[in-house]
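Inside the fold
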Amino acid sequence: MPVDALALVTADQLSHDLSALDGLERASTVVLMVEVVEETDYVPHHRKKMAFLLSAMRHHAEDLERAGWSVDYVRLDAPGNTGSFGGEMARAIDRHAPKRIRFTHPGEWRVLEMARGWEERFGIPVEIPEDTRFICPTPDFSAWAKGRKVFRMEHFYREMRRKTGFLMEGDKPAGGRWNLDAENRKPADADLFMPRPLRIEPDRITREVLDMVAKRFPDRFGDLEPFSFPVTRTDALRALDHFTETALARFGDYQDAMLSGEPFLYHSLLSPCLNAGLLNPLEVCRAVENAYRAGNAQLNAAEGFIRQIIGWREYVRGIYWLRMPDYARENALQADRPLPWFYWSGETRMACVSACVRQTKAEAYAHHIQRLMVTGNFALLAGISPSELHEWYLAVYADAFEWVELPNTLGMSQFADGGLLGSKPYAASGNYIGRMSDYCGNCAYDVKEKTGETACPFNPLYWDFLRRNSERLASNPRLRIVMSAQRKRSPERQGHDREVARRVISALANDRPLSPDTFSDLERP
Ligand code: FAD
Ligand code: SF4
């Protein structure tokens, strides 16, 4: 039978309800799935991330075949693999002579631009339907954003609550308040019972992928094993059940906490499955709402969780598509220092940074506050280039796809969009980490010290960050108190902050521990 449509399915489109397949006849469609070096190499992806996505793709191809689709699957090591989407599309067109190409709107500007060029390149129609797995279609987000001077997630989130009906009682939010975040800031205690994430033993397909990744990428960042990610929809649904049964009840309370040796606390670990398409955001929120309605979770846990998905996740995607491609180049604070090498090794005496980087290397995972308030905060205070940092986040996390990673890194964490996405920079001294974690107890530095040989580096860096950016941040209403405190520091004190920060950055960049020598000639103001 002649082939009507060639439908490309990429590693983040592993869903059975994908719009590219919608309305197509199984008998006259070829689903094309390709593993290409262009995608494994454009940033140095963590080895666990690559294994997760390749194994999930291979499982999904089998599922599609079982469902009656004809799948043309090109493996990374297949003879003749050209290594690019465009090259593999050209070869597949030669093999199948389709009348048209179908490709669900991809999650990255670079790939969308490439796909838009295929109609001219291959001389057949290319259809790019909206990605219906998201709750807010991109045109709806543009309509929401139109005419607004400032964008705030909170306003967008309320619209999403009304649209989805999650945690609503009539037209009012359950419990009377839209946002219960203020209840979600407890530091964790090592004595608490910590649930263990669901561990899934690698099957034959995953084993084959692990061996291939180990051989092909021996020097890449990231531990490959132990590997226990869900790689099928069935296992992803098991992981969702496991989360609602074991961790959701305490998710809200300890959402911002950090604890040595406990990388996961009460987080769901569902972002890789959501972003690859193994789970649908609506079904995840429904499961959480059901747990709340059944009395198995408090409102602050269910609301906090649902807000992350229908609020933040949809909001950052909206911003990405609204502002790309210029968004990726924004650098409102003109930060231009190179990424410190210890982001790739964890070898630093700052216990918090070391713990988060080492955990990232082991798990391809860090929870939100570790990303935002430790590695992100350090980079913000130290003036690291947002684009270098963006490449790091995109590479090292299993859930990292540009539409979600870039706005989180550049906008939320680095304030590089000048406050479009978030209302203030997430800059904090060591105090915050001291309050929300137990890292400082095992650190070479003293979180209470502001100057001197053992001062926590976050402290001088924080004051110097405010000084450096005082003009740019002067009119930010949420920073009024700290900026006023900064201005009240004497000129000598501010000069001292600057010099201490300069020496801290230079020592850290050259892997010199801060020692008495670092500051010995400085007079304390
Ligand atoms: P949970 O804490 O259990 O949260 C539940 C779900 O909410 C997550 O699975 C995720 O789908 C969603 N969510 C929570 N916060 C956000 C957010 N800010 N933006 C979008 N979705 C959110 N998330 C990614 O999915 N991919 C990324 O590449 C990514 N990069 C980030 C980079 C930085 C600098 C920061 C500060 C955050 C980033 N996030 C990213 C958001 C967040 O850190 C992760 O979604 C979360 O840590 C995933 O772990 P979890 O599934 O255990 O989440
Ligand atoms: Fe991090 Fe400072 Fe605490 Fe050390 S003292 S763990 S550097 S916040």
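Fair warning: this is a prediction, and the values are worked out from it, not measured in the lab. (Residues numbered from 1 in each chain as written. Chains lettered and ligands numbered in written order. Predicted model: local features only at pLDDT ≥ 70, side-chain atom pairs only at ≥ 80, totals over all residues. Heavy atoms only, no water.)

**What about the sheet that holds strand S4 (residues 100-103)?**
One open sheet accounts for 5 strands, arranged S3-S2-S1-S4-S5; its pairing is parallel. The sheet is open, and its two borders are formed by strand S3 (70-74) and strand S5 (126-127), each paired with just one other strand. Where S4 and S5 come together, 2 bridges link them in parallel fashion. Bridging across to S5, Ile101 finds its partner in Val126. Against the sheet, helix H2 (residues 47-66) touches strand S2 (29-34) and S3, its axis set at about 155 degrees to S3. (Pairing = 2+ DSSP bridges. Helix = DSSP H or I, 4+ residues; strand = E, 2+ residues; numbered from the N terminus. Contact = heavy atoms within 4.5 Å. Axes fitted to C-alpha atoms, helices over the stretch in contact; angles between N-to-C directions.)

**A closer look at the site of ligand 1**
Ligand 1 sits among 28 residues. The nearest are His267, Ser268, Leu269, Asn275 and Tyr365. Note that a nitrogen atom of ligand 1 is positioned 3.4 Å from one of the side-chain N or O atoms of Arg371. Within the backbone of Asp399, an N or O atom sits 2.9 Å from a nitrogen atom of ligand 1. Relative to its free-state accessible area of 820 Å², ligand 1 is covered by the protein chains to the extent of 99%. Elements represented by at least two residues in the shell around ligand 1 include exactly helix H11 (271-276), helix H13 (299-323), helix H15 (368-382) and helix H17 (402-413). For the shell around ligand 1, the leading source of residues is H17, giving 6 residues. Looking at the shell around ligand 1 residue by residue, the class counts come to 14 nonpolar, 10 polar and 4 charged. (Near = heavy atom within 4 Å. Polar contact = N/O pair within 3.5 Å; in protein donor to acceptor, adjacent residues only side chain to side chain. Areas by Shrake-Rupley, 256 points an atom, 1.4 Å probe, with all protein chains shown as cover. Nonpolar A, V, L, I, M, F, W, Y, C, P; charged D, E, K, R; others polar.)

**What to know about the site of ligand 2**
The immediate surroundings of ligand 2 are formed by Met350, Ala351, Cys352, Gly430, Ile433, Tyr439, Cys440, Cys443, Tyr445, Val447, Cys456 and Phe458. Counting only elements with at least two residues in the shell around ligand 2, the list comes to helix H14 (351-363) and helix H18 (430-436). Classifying every residue of the shell around ligand 2 by side-chain character gives 11 nonpolar, 1 polar and no charged.

**Points about the packing of aromatic side chains**
What the rule picks out here adds up to 30 aromatic pairs. Three or more aromatic residues joined by ring pairs form one cluster here, namely Trp341, Phe342, Tyr343, Phe378, Trp392, Tyr393, Tyr397 and Phe458. Sitting over the face of the ring of Phe401, Lys49 holds its NZ or CZ atom 5.7 Å from the ring centroid. In this structure, Arg116 packs its charged tip against the face of Trp109, placed 6.0 Å from the ring centre. (Phe/Tyr/Trp six-rings, centres within 6.5 Å; stacked < 30°, edge-to-face > 60°. Lys NZ or Arg CZ within 6 Å of the ring centre and 35° of its normal.)

**With respect to the pattern of salt bridges**
With the rule as written, the count across this model stands at 37 salt bridges. Glu130 is the salt-bridge partner of Arg317, the closest N and O atoms lying 4.0 Å from each other. One end of the pair, Arg317, is in helix H13; the other, Glu130, is in the loop between S5 and helix H6 (138-145), and 187 residues separate them in sequence. Using a relative accessible area of 26% as the deciding quantity, one classes Glu130 as partly exposed. Counted as one network, the salt bridges with shared partners bring together Glu35, Arg58, Arg75, Arg204 and Glu208. (Salt bridge = Lys/Arg side-chain N within 4 Å of Asp/Glu carboxyl O. Buried < 20%, exposed > 50% of the residue type's maximum accessible area, 1.4 Å probe, protein only.)

**Some points on the environment of Gly304**
Within the secondary structure, Gly304 sits in helix H13. Between the alpha carbons of Gly304 and Gly252 there is a distance of 5.9 Å; along the sequence they are 52 residues apart.

**Quick word on the nonpolar core**
In this structure, Met33 and Phe378 are the most contacted members of the largest nonpolar core, which totals 156 residues. Per element, the largest residue contribution to this core is 12 residues, and it comes from H13. For Phe378, the residues in contact, after removing those within four places along its chain, are Pro340, Phe342, Tyr343, Met350, Val353, Phe458, Leu461 and Leu508. Val34, Ala92, Ile101 and Ile124 belong to the second largest nonpolar core, which has 20 residues in total. (Core = buried A, V, L, I, M, F, W, Y, C linked by side-chain atoms within 4.5 Å.)

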